[in-house]
Amino acid sequence: METVLNSHPEENPVTELPRIGPKLASNLEKLGIFQVKDLLFHFPYRFQDKTRTVPIGALVNAQTVMVAGRIVSVNDNIRYRRALIVRFEDDSGRMSMRLFHYSYKQKTALERGSWIRCFGEVRISQHGYEMVHPEYSVFQYPPPAPQSDRLTPVYRLTEGIGQPMMRKIVNAAFDHCTQRPVAELLPLDVIRRYDLCSIGSALKDIHSPLVSESGLTAVDADQPAKRRLIFEELVSFQIARRQQKQLRQSSEAACMQPAGDLSRRLKDSLKFTPTDSQRTVIREILADLKKATPMLRLVQGDVGSGKTLVAAAAAAWVVDSGYQVAVMAPTELLAEQHLKTFYDWFAPLGIEVLLLTGRMSAKIRRQVERGMKGGQTRIVIGTHALFQEGVEFKRLGLIIVDEQHRFGVGQRFALREKGVADQQVPHQLVMTATPIPRTLAMAFYADLDVSSITELPPGRIPVTTEVFSTGGREQAIRKIESLCAAGQQAYWVCPIIDKSEVLDVESAVEAQKYVEQSLPARRVALIHGRLKSDQKDRIMNSFRAGEIDVLVATTVIEVGVDVPNASLMVIESAERMGLSQLHQLRGRVGRGAAQAMCVLLYRGKLSEMARKRLQVMRETTDGFRIAEQDLRLRGAGELLGTRQTGAQMFRIAEFPRDRELLDDVIEVAELLLSQQPEFVQPLIRRWAIREGQYSAV
Ligand code: ADP
Ligand code: MG
């Protein structure tokens, strides 16, 4: 199989195609196109319909269509801005084409009485429908009916390659494969069982779909071509993930064997008893750490479920085995808070914990780096700065990534490479408070082991949530007043720092003024991402110490901030935020013994979608249910964090649209891996977007 495929024309470099030299080839590389097959799998993102002309009388504003008619007048309009206006008509109406740039030759070719055919976007102008700079051709006779019954593809482009050229190049790729059709990489019985079309016809149809007789163009997911390709892509993704796991399991890690009793001492020093759920997860982690293969375990646990303790228990085990631990947090604020928590737990036990962030002075930073390199620093907490160059560890044994969904793909990888000493890979623990539904988890995290913290620490009373329009501000103020009187604290969160000219959204700076004026006796502070880290530090510390009553903040406090005495959170312009984000924010309260409350304020009239979202927030505090709803309302990219990092995960598959396919996909992936391994590598190679793409977590 392997050798046959290598001699396949689709695997040839694009330079084998006519007229593609090194310059064009290097431009194509920017689109991830190296081989002929990459062109075949460079799918159009939309289509143009040049299969028919639309009667002028039936035009709709902003449609991109083809029209044809007889020229009735040609004018140079010089009154405002030089332009050539060509009016033409068919049996149903009259419209015009407007050109701002044109040559003398173009002008003379456009004669009254000739015929014109234009393709472009129609717009309503003062003088009726018009197209500005459409593609057009002139005829001396009524233009013939369009030849094609297929749609024209529109591709993502790159420097030096326009749409027509891209179409030519893709066509050339198809021509290149006429002698030997593109390899069929799904077994025949799978194709039959799942009622899929052949790869050959799928590719042809995806690039230029047939227009059906009714004139409707079916380019949606249940079109056979699309379904076939989505299916194959998901199978390939699935087996790539599983292979990744096998690969990991065949590499080596240090077996963690504690020399002392640090774990027990940590446990004894706690001010609370771990929940059963925490204990189970810790046991699962320790079992991994004792093995000589690297752990890659995801811990899912709702906000407030106590993931930090689980991380600390893992860290204690590794430190006691003579290795270092790196804890990565997505924000400085969270890194600083982890520093405090870890310091409080570990310093009394004689373990050095240090912080490394991008904002530290060079001098302190060098000190920290020295400690990491020398090995004295056993636990380092940090942000992105942890994977910068020059940062070295002596014996990195465990990487803990908190709030994993906030990080990009490549970053985690860079850190992992830092640990590769003596051919050993560090263990990895990934934590997330954004639980994802089970089938999705199976599909996306097929290369991870997953543990879930399923209960909250005892005594927590669920946060109650209320939704008000902006008029609810006064009510919120009264609530704050009464809870401050009882010695509790509150957050007041806004989506942006400063007032925006373009967005109708509450800003933190203004909210601070409002809260200060409304509560003159209370201590109010403002925290946001533009503050220096020592300023943020100072504010967070005084809030924690109870010296601030109301903390007005942007969403910098979204992840991880832990102040149990804060029992009310007001969120302004809540309709602008995603469900998972709201859930994260709300998770900042309800961490103490008092009944906590969350007030969601919105501005203006709510869209149907926004209303539904806020309603979900009011009805449940269950992270899984919220994630499920978020998926329904927004799509998986958001949930899995790909949108934030901009990584393109799929060429054609899309979630949640395609989730119905997942059960079948997993079945087929397992079948291929166990019974038809010859398909595995070719499939992965075919669909890989770029090197390393599939090692996303
Ligand atoms: P998250 O899972 O959101 O990261 P944290 O680790 O920040 O949650 O824990 C939330 C709060 O619960 C912290 O104040 C922590 O000290 C406390 N906590 C964690 N585990 C327990 C427990 N078993 N019993 C009581 N409180 C706990
Ligand atoms: Mg946390």
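Right, let's walk through the structure included here.

Here is what the cut-offs are and how they apply
- Residues numbered from 1 in each chain as written.
- Chains lettered and ligands numbered in written order.
- Predicted model: local features only at pLDDT ≥ 70, side-chain atom pairs only at ≥ 80, totals over all residues.
- Heavy atoms only, no water.
- Helix = DSSP H or I, 4+ residues; strand = E, 2+ residues; numbered from the N terminus.
- Expected span 1.5 Å × (residues − 1).
- Buried < 20%, exposed > 50% of the residue type's maximum accessible area, 1.4 Å probe, protein only.
- Pairing = 2+ DSSP bridges.
- Near = heavy atom within 4 Å.
- Polar contact = N/O pair within 3.5 Å; in protein donor to acceptor, adjacent residues only side chain to side chain.
- Areas by Shrake-Rupley, 256 points an atom, 1.4 Å probe, with all protein chains shown as cover.
- Nonpolar A, V, L, I, M, F, W, Y, C, P; charged D, E, K, R; others polar.
- Axes fitted to C-alpha atoms, helices over the stretch in contact; angles between N-to-C directions.
- Contact = heavy atoms within 4.5 Å.
- Phe/Tyr/Trp six-rings, centres within 6.5 Å; stacked < 30°, edge-to-face > 60°.
- Lys NZ or Arg CZ within 6 Å of the ring centre and 35° of its normal.
- Left-handed = near helix turned anticlockwise from the far one by under 90°.

### Brief notes about helix α8 (residues 224-250)
Part 1: Its 27 residues place the ends of α8 39 Å apart at the C-alpha level, agreeing with the 39 Å of an ideal helix rising 1.5 Å per residue.
Part 2: By the criterion of burial, α8 is predominantly enclosed, with 19 of the 27 residues buried.

### Brief notes about the pairing of strand β17 (residues 489-493)
Part 1: Among the 5 residues in β17, 5 count as buried, and that is most of the element.
Part 2: Across the two faces of β17 the burial is the same, with Gln489, Tyr491 and Val493 and Ala490 and Trp492 all buried.
Part 3: Looking at chain direction, β17 and strand β20 (residues 566-571) are connected through 5 bridges and run parallel. Across the sheet, residue Ala490 finds its bridge partner in β20, namely Leu568.
Part 4: As judged from the 4 bridges shared by β17 and strand β19 (residues 550-553), these two strands associate in the parallel manner. For Ala490, the partnering residue across the bridge sits in β19 and is Val550.

### Quick word on the site of ligand 1
Part 1: Taken together, 16 residues lie around ligand 1, and Gly304, Lys307, Thr308, Arg460 and Asp562 are the ones closest in.
Part 2: Thr308 places a side-chain nitrogen or oxygen 2.5 Å from an oxygen atom of ligand 1.
Part 3: Interatomic distance of 3.2 Å between a side-chain N/O atom of Arg591 and an oxygen atom of ligand 1.
Part 4: Coverage of ligand 1 by the protein amounts to 85% of the 560 Å² it exposes when considered alone.
Part 5: Counted by class, the shell around ligand 1 contains 4 nonpolar, 7 polar and 5 charged residues.

### Concerning the sheet that holds strand β21 (residues 597-602)
Part 1: With parallel pairing, the 6 strands of this open sheet are ordered in space as β16-β21-β20-β17-β19-β18. Looking at strand neighbours, the two that pair on one side only are β16 (464-469) and β18 (524-527), the edges of this open sheet. Pairwise comparison of adjacent strand axes, ignoring direction, gives a mean angle of 20 degrees for this sheet.
Part 2: Contacting β16 and β21, helix α20 (residues 608-619) crosses the sheet at an angle of about 150 degrees to β16.

### Some details on the packing of aromatic side chains
Part 1: Under the counting rule described, the total for this entry stands at 10 aromatic pairs.
Part 2: Members of the aromatic cluster, each reached through a chain of ring pairs, are Phe41, Phe43 and Trp687.
Part 3: The side chain of Lys50 reaches across the aromatic face of Phe119, ending 4.9 Å from its centre.
Part 4: Over the face of the ring belonging to Tyr323 we find Arg395, whose NZ or CZ atom lies 4.1 Å from the ring centre.

### Things to note about the packing of helix α19 (residues 579-586) against α20
Part 1: One can describe the packing of α19 onto α20 by two numbers: an axis separation of 10 Å at closest approach and a directional angle of 35 degrees. The hand of the α19/α20 crossing is right-handed. Every residue of α20 that contacts α19 at Leu579, Leu582, His583 and Arg586 is listed here: Arg613, Leu614, Val616 and Met617.
Part 2: In the contact of α19 with α20, the residues fall into 5 nonpolar, 1 polar and 2 charged.

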